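Below are the chains, spelled out letter by letter.
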Amino acid sequence: IAELPMTINVSSGGSNETQLTSDQKNMEGTSKSTFSFKAILKNQTATKQQYALMADAPRGWNVAIKPNYQQATSTELEPNSTKDITYEVNPPSVVEAGKYKIPVKAVSGTTSAELEFEVVITGSYDMTLNTPSGLLSAQLTAGQEKKIELEVQNTGSADLANIELNAAKPKNWEVVFEPTKIEKLLPGKTEKIYATVTADKKAIPGDYVIKIDTKTPEVNSSVSFRMTVKTPVLTGWLGIFIIAGVVAAIFYL
């Protein structure tokens, strides 16, 4: 019996597989968030591959695909090599709270791989402050008060809580709100509030500006009111009598 030594060298020749993997496939945020997912694309075949990179996001969503941090719709990989792929996902400005799936793919002529990301929208925060008529001006006399009706609307998709009311006013003016705070405002709902403005007793005729703010930790809104102080009727008649008296005195002389 004759025996001969034999040496066998085993090398990796590849397969017909491509892998697309990610350590984090789920993110949570608001409609104003940018969700940045990082994935690894691996070419496990024995040949160089040219991959088309695709994302099937819901309507209104935007996905920027960045192989090696440069935005592109395709990338090339050598056999048994890997490449970092970043997917930057931006939801529409008005989106309901909920879970959204973002399927992504890497496809070549002979192989492909896919992955699914999930975005959880906790809700968008937005609010408007205005009057029912849209008019942002009023008239009053010095020392007089004026009651202004306002509307606070939740135009986002998340609840608003503890809405605070504040006013920036001229010196010696007063602004009192009723109610003083809105405890909770649901999406799409409107709450009426009243601001009672009292002018300074010594305010001279002219235009004054009062800025009213509504604020929560997440969002705020404001409007500016032009308050026109008029001359009191009594003062106007008194001026007329004085002028008439002076004219009469001159005529007499």
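These numbers were taken from a predicted model, which means no experiment stands behind them. (Residues numbered from 1 in each chain as written. Predicted model: local features only at pLDDT ≥ 70, side-chain atom pairs only at ≥ 80, totals over all residues. Heavy atoms only, no water.)

Novice: Explain the overall build of the chain to me, please; I cannot follow it from the model alone.
Specialist: On a plain count of helices and strands, the chain comes out with 1 helix and 18 strands. Put simply, of all contacts in the chain between residues at least 6 apart along the chain, 68% involve residues at least 24 apart. About 15800 Å² of surface is accessible on the chain, with carbon and sulfur atoms providing 51% of the total. (Helix = DSSP H or I, 4+ residues; strand = E, 2+ residues; numbered from the N terminus. Contact = heavy atoms within 4.5 Å. Areas by Shrake-Rupley, 256 points an atom, 1.4 Å probe, with all protein chains shown as cover.)

Novice: I keep staring at the sheet that holds strand E9 (residues 112–121) and nothing clicks. Help me out?
Specialist: Working definition: the strands of a sheet are paired by backbone hydrogen bonds and lie parallel or antiparallel to each other. One open sheet holds the 5 strands; their spatial order is E2-E9-E8-E4-E6, and the pairing between them is mixed. Where the open sheet ends on each side, the last strands, each with one partner, are strand E2 (26–29) and strand E6 (74–77). Averaged over neighbouring strand pairs, the angle between their axes works out to 25° when direction is ignored. One ladder, built from 10 bridges, connects strand E8 (residues 98–107) with E9; its direction is antiparallel. Paired with Tyr100 across the two strands is Val119, which belongs to E9. (Pairing = 2+ DSSP bridges. Axes fitted to C-alpha atoms, helices over the stretch in contact; angles between N-to-C directions.)

Novice: Is there a simple way to think about the packing of aromatic side chains in this case?
Specialist: Aromatic ring pairs are defined here through the distance separating the ring centres and the angle between the ring planes. On inspection of all chains with the given rule, the structure shows 4 aromatic pairs. With 5.0 Å between their ring centres and 45° between their planes, Trp61 and Tyr100 make a pair best called tilted. Of this pair, Trp61 sits in the loop between strand E4 (49–55) and strand E5 (62–67) while Tyr100 is found in strand E8, placing the two residues 39 residues apart along the sequence. Of the two residues examined, Trp61 and Tyr100, each falls in the buried class. (Phe/Tyr/Trp six-rings, centres within 6.5 Å; stacked < 30°, edge-to-face > 60°. Buried < 20%, exposed > 50% of the residue type's maximum accessible area, 1.4 Å probe, protein only.)

Novice: What exactly am I supposed to notice about the environment of Gly206 here?
Specialist: Its place among the elements puts Gly206 in strand E17 (residues 206–215). When the C-alpha atoms of Gly206 and Thr231 are compared, they prove to be 9.0 Å apart, with 25 residues separating the residues in sequence. Sequence-distant contacts of Gly206, defined by excluding residues within four places in its chain, comprise Met227, Thr228 and Val229.

Novice: I tried to follow the sheet that holds strand E1 (residues 18–21) on my own but got confused; where do I start?
Specialist: Taken in spatial order, the 4 strands of this open sheet run E1-E3-E7-E5, and their pairing is antiparallel. Two strands bound the open sheet, and with one partner strand each, they are E1 and E5. The average undirected angle you get between the axes of adjacent strands in this sheet is 20°. Across 4 bridges, the pairing between E1 and strand E3 (residues 35–43) is antiparallel. Looking at E3, one finds that Thr21 is bridged to Ile40.

Novice: Looking at this model, I keep getting lost on the side chain of Thr111. Mind explaining?
Specialist: Locating Thr111 in the fold gives a position in the loop between E8 and E9. Using a relative accessible area of 7% as the deciding quantity, one classes Thr111 as buried. In this structure the side chain of Thr111 is engaged in a polar contact, spanning 3.0 Å, whose partner is the side chain of Thr18. (Polar contact = N/O pair within 3.5 Å; in protein donor to acceptor, adjacent residues only side chain to side chain.)

Novice: Is there a simple way to think about the environment of Val176 in this case?
Specialist: When you line up the elements, Val176 lands in strand E14 (residues 174–178). Once you skip the residues sitting within four places of it in the chain, Val176 turns out to touch Tyr194, Ala195 and Thr196.

Novice: In this structure, what is going on with the pairing of E2? I would like to understand it.
Specialist: Two faces, one strand: in a regular strand the side chains alternate between the faces of the sheet. Every second residue of E2 is oriented toward a common face, the buried set being Met27 and Gly29 and the non-buried set Asn26 and Glu28. Where E2 meets E9, 4 bridges bridge the pair, whose relative direction is parallel. When the bridges of E9 are listed, Gly29 appears paired with Ile121.

Novice: Any chance you could explain the pattern of salt bridges here in plain terms?
Specialist: Working definition: two side chains of opposite charge can pair if their charged atoms are close together. All chains considered together, the criterion is met by 8 salt bridges. Salt-bridge contacts for Glu78 lead to Lys48; the nearest nitrogen and oxygen are separated by 3.4 Å. Note that Glu78 is positioned in the loop between E6 and strand E7 (81–90) and Lys48 in the loop between E3 and E4, a separation of 30 residues in sequence. Residue class for Lys48 comes out partly exposed when judged on its relative accessible area of 46%. We note a salt bridge from Glu88 to Lys66, for which the minimum N-O separation is 3.3 Å. Remark: Lys66 occurs in strand E5 and Glu88 occurs in strand E7; sequence separation between them is 22 residues. (Salt bridge = Lys/Arg side-chain N within 4 Å of Asp/Glu carboxyl O.)

Any link to function would need more than the numbers given here.
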